[in-house]
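Reading the structure
Listed below are the residues making up each chain.
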Amino acid sequence: MTATSATHRSPSDGSLPDASALARTYGACLAVNLPLLVLTLIPQLMRSRAGSESLLMVGMALLLTLVVGAVVLAPEVSARVAPAGSHWRPGGARGRVRVLIRESRRTYLWRLGEFVALYIAAQGVGGLVAWLLPHVADNPAHATDPTASAWIIDYPNYAIQAVVMYACICFALAWYATRLRAESARSARARSVG
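What you see is a predicted model, and the numbers here were worked out from it, not measured in a lab.

Some details on the overall build of the protein chain
Along the backbone of the protein chain there are 9 helices and 2 strands. From first element to last, N terminus to C terminus, the protein chain shows the α and β order α-α-α-α-α-α-α-β-α-β-α. Looking at the 194 residues of the protein chain, the share that counts as buried comes to 37%. Across the protein chain, contacts joining residues at least 24 apart in sequence account for 67% of those joining residues at least 6 apart.

With respect to the confidence of the model for the protein chain
Averaged over the protein chain, the pLDDT score is 86; the fraction of residues at 70 or greater is 85%. Within the model, pLDDT remains below 50 along residues 1-14, and this stretch shows 18 contacts once partners closer than five positions in the same chain are excluded.

Concerning a nonpolar patch on the surface
A cluster of nonpolar side chains, Leu128, Trp131, Leu132, Leu133 and Ile160, forms an exposed patch at the surface whose accessible area comes to about 530 Å². If you tally residues by element for the nonpolar patch, the top one is helix H7 (residues 105-132), at 3 residues. Within the fold, Leu128 resides in helix H7.

Examining helix H6 (residues 93-103)
Those residues of H6 that sit buried are Ala93, Arg96, Val97, Val99 and Leu100. Along H6, the residues classed as buried sweep out an arc of 160° about the axis, all on the same side.

So, helix H5 (residues 53-81)
Taking 1.5 Å per residue, 29 residues should reach 42 Å; H5 reaches 40 Å between its end C-alpha atoms and fits that length. Along its length, H5 shows its largest kink, about 45°, at Leu73, and proline Pro75 lies within four residues downstream of that point. Along H5, the residues classified as buried are Leu56, Gly59, Leu63, Val67, Ala70, Val71, Ala74, Pro75, Glu76, Val77, Ser78 and Ala79.

Re the side chain of Arg111
Looking at the secondary structure, you find Arg111 in helix H7. Among the residues examined, Arg111 registers a relative accessible area of 9% and is labelled buried. A distance of 2.5 Å separates a polar atom in the side chain of Arg111 from a polar atom in the side chain of Glu183.

Digging into the side chain of Gln161
By secondary structure assignment, the location of Gln161 is in helix H9 (residues 155-193). Looking at Gln161, the relative accessible area reads 5%, which means it is buried. Discounting residues that sit within four places of it in the chain, Gln161 has contacts with Arg47, Gly126, Gly127, Val129, Ala130 and His135.

What to know about the environment of Ala31
Mapped onto the fold, Ala31 is located in helix H2 (residues 19-32). Judged by relative accessible area, which is 48%, Ala31 ranks as partly exposed. Taking C-alpha positions, Ala31 is 9.3 Å from Cys170, a pair spaced 139 residues apart along the chain.

Quick notes on the packing of aromatic side chains
Scanning all chains against the criterion turns up 6 aromatic pairs. Here the aromatic rings of Tyr108 and Tyr176 are separated by 6.4 Å at their centres, their planes lie at 70°, and the arrangement is edge-to-face. Of this pair, Tyr108 sits in helix H7 while Tyr176 sits in helix H9, and the two are 68 residues apart along the sequence. One exposure class covers both Tyr108 and Tyr176, and it is buried.

Rules used throughout
Residues numbered from 1 in each chain as written. Predicted model: local features only at pLDDT ≥ 70, side-chain atom pairs only at ≥ 80, totals over all residues. Heavy atoms only, no water. Helix = DSSP H or I, 4+ residues; strand = E, 2+ residues; numbered from the N terminus. Buried < 20%, exposed > 50% of the residue type's maximum accessible area, 1.4 Å probe, protein only. Contact = heavy atoms within 4.5 Å. pLDDT = per-residue confidence, 0-100. Patch = residues over 30% accessible without salt bridge, like charges linked within 9 Å, V, L, I, M, F, W, Y side chains within 5 Å. Areas by Shrake-Rupley, 256 points an atom, 1.4 Å probe, with all protein chains shown as cover. Salt bridge = Lys/Arg side-chain N within 4 Å of Asp/Glu carboxyl O. Arc of directions from axis to C-beta. Expected span 1.5 Å × (residues − 1). Bend = angle between axes of the 7 residues up to and from the residue. Polar contact = N/O pair within 3.5 Å; in protein donor to acceptor, adjacent residues only side chain to side chain. Phe/Tyr/Trp six-rings, centres within 6.5 Å; stacked < 30°, edge-to-face > 60°.

Encoded structure:
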């Protein structure tokens, strides 16, 4: 390896994500994860003030299932829309992730940690949107009629928050998958040199 190649790192070596692959994967994640968007657009399952504690528990279980499923499938989504060499192809990307976990668990955990950090940031962005566009207010009718709901949900504001968070979560998934794609490329190059 020459000094030039050692100091100049290409976007596909894991230092930076490949912008084209990231954009294609992001678009695919937006399309593939629509059930997640549908779930977040149902306030009765996502907010106890809109429904009940039992409905909220059902919603949280569904949310966890959909997010974990999206994380597991994100590499295959990436391989479908942004294949790379023989190491990142549809049907084999999850296998490449398993190899990465075996060969370099620390690297994989860093990539997963990046996803978690971006997911948490998505929640923060959702909180900011909720602060700018409040979607829950006291119901004045509840004071005189105890059978009336204690809360009023401003659905347009709620939907804006849900869509913004969905867009951010899909970006987190695309980032995670694209970073794993780059790690797979680096691993394939190392094997070919070795």
